[in-house]
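# Architecture and fold: a report
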Amino acid sequence: MACNTAPLAFPLHRPGALARAALAFARQYRRTRDLPAALPGGATLKTHEIGPRLAEAEARCESDRLARAPGYRAERHLRLLGALLAEYRPSAF
């Protein structure tokens, strides 16, 4: 699987439990299986487009989490964060 080689443009500071779960998800991440669930329509994106789109969607989830928005879903946030970490990993954790 090709991965994004550009570094993340921002630091990710997330709660420990969310970060640990996302790392576990990232270790088992398979783009063909997991990207469509994390980012609808993501399977049709070019490799260099995936990371920025995941980052945007994850940032929206983080904003919702911090605002305690009623529509916030921890499962979606976990999938997005895990996919984001997996797409930006240099090779493996």
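Figured I'd write up the structure that's included with this text. (Residues numbered from 1 in each chain as written. Predicted model: local features only at pLDDT ≥ 70, side-chain atom pairs only at ≥ 80, totals over all residues. Heavy atoms only, no water.)

Here the focus is the environment of Pro-52. By secondary structure assignment, the location of Pro-52 is in helix 3 (residues 47-67). The exposure class assigned to Pro-52 is partly exposed, which follows from its relative accessible area of 37%. Taking the C-alpha atoms as reference points, Pro-52 and Leu-84, 32 residues apart in sequence, are found 8.8 Å from one another. (Helix = DSSP H or I, 4+ residues; strand = E, 2+ residues; numbered from the N terminus. Buried < 20%, exposed > 50% of the residue type's maximum accessible area, 1.4 Å probe, protein only.)

This paragraph deals with the packing of aromatic side chains. Taken as a whole, this structure holds one aromatic pair when the rule is applied. Each ring, one from Phe-25 and one from Tyr-29, has its centre 6.3 Å from the other, and the planes form 55 degrees; the classification is tilted. According to the relative accessible area criterion, Tyr-29 is buried, its value standing at 0%. (Phe/Tyr/Trp six-rings, centres within 6.5 Å; stacked < 30°, edge-to-face > 60°.)

Take helix 4 (residues 74-88) next. Between its first and last C-alpha atoms helix 4 spans 21 Å; for 15 residues at 1.5 Å apiece the expected length is 21 Å, and the two agree. All of the buried residues along helix 4 are His-77, Leu-80, Leu-81, Gly-82, Ala-83, Leu-84, Ala-86, Glu-87 and Tyr-88. (Expected span 1.5 Å × (residues − 1).)

Evaluation of the coordinates by the stated rule reveals seven salt bridges. When the shortest N-O distance is used, the salt bridge between Glu-58 and Arg-14 registers 2.8 Å. Note that Glu-58 is positioned in helix 3 and Arg-14 in the segment before helix 1 (16-27), a separation of 44 residues in sequence. With a relative accessible area of 0%, Glu-58 lands in the buried category. Residue Arg-31 is joined to Glu-87 by a salt bridge in which the shortest nitrogen-to-oxygen separation is 2.5 Å. With Arg-31 in helix 2 (residues 31-38) and Glu-87 in helix 4, this pair connects stretches of sequence that are 56 residues apart. Glu-87 carries the same exposure label as Arg-31, and that label is buried. (Salt bridge = Lys/Arg side-chain N within 4 Å of Asp/Glu carboxyl O.)

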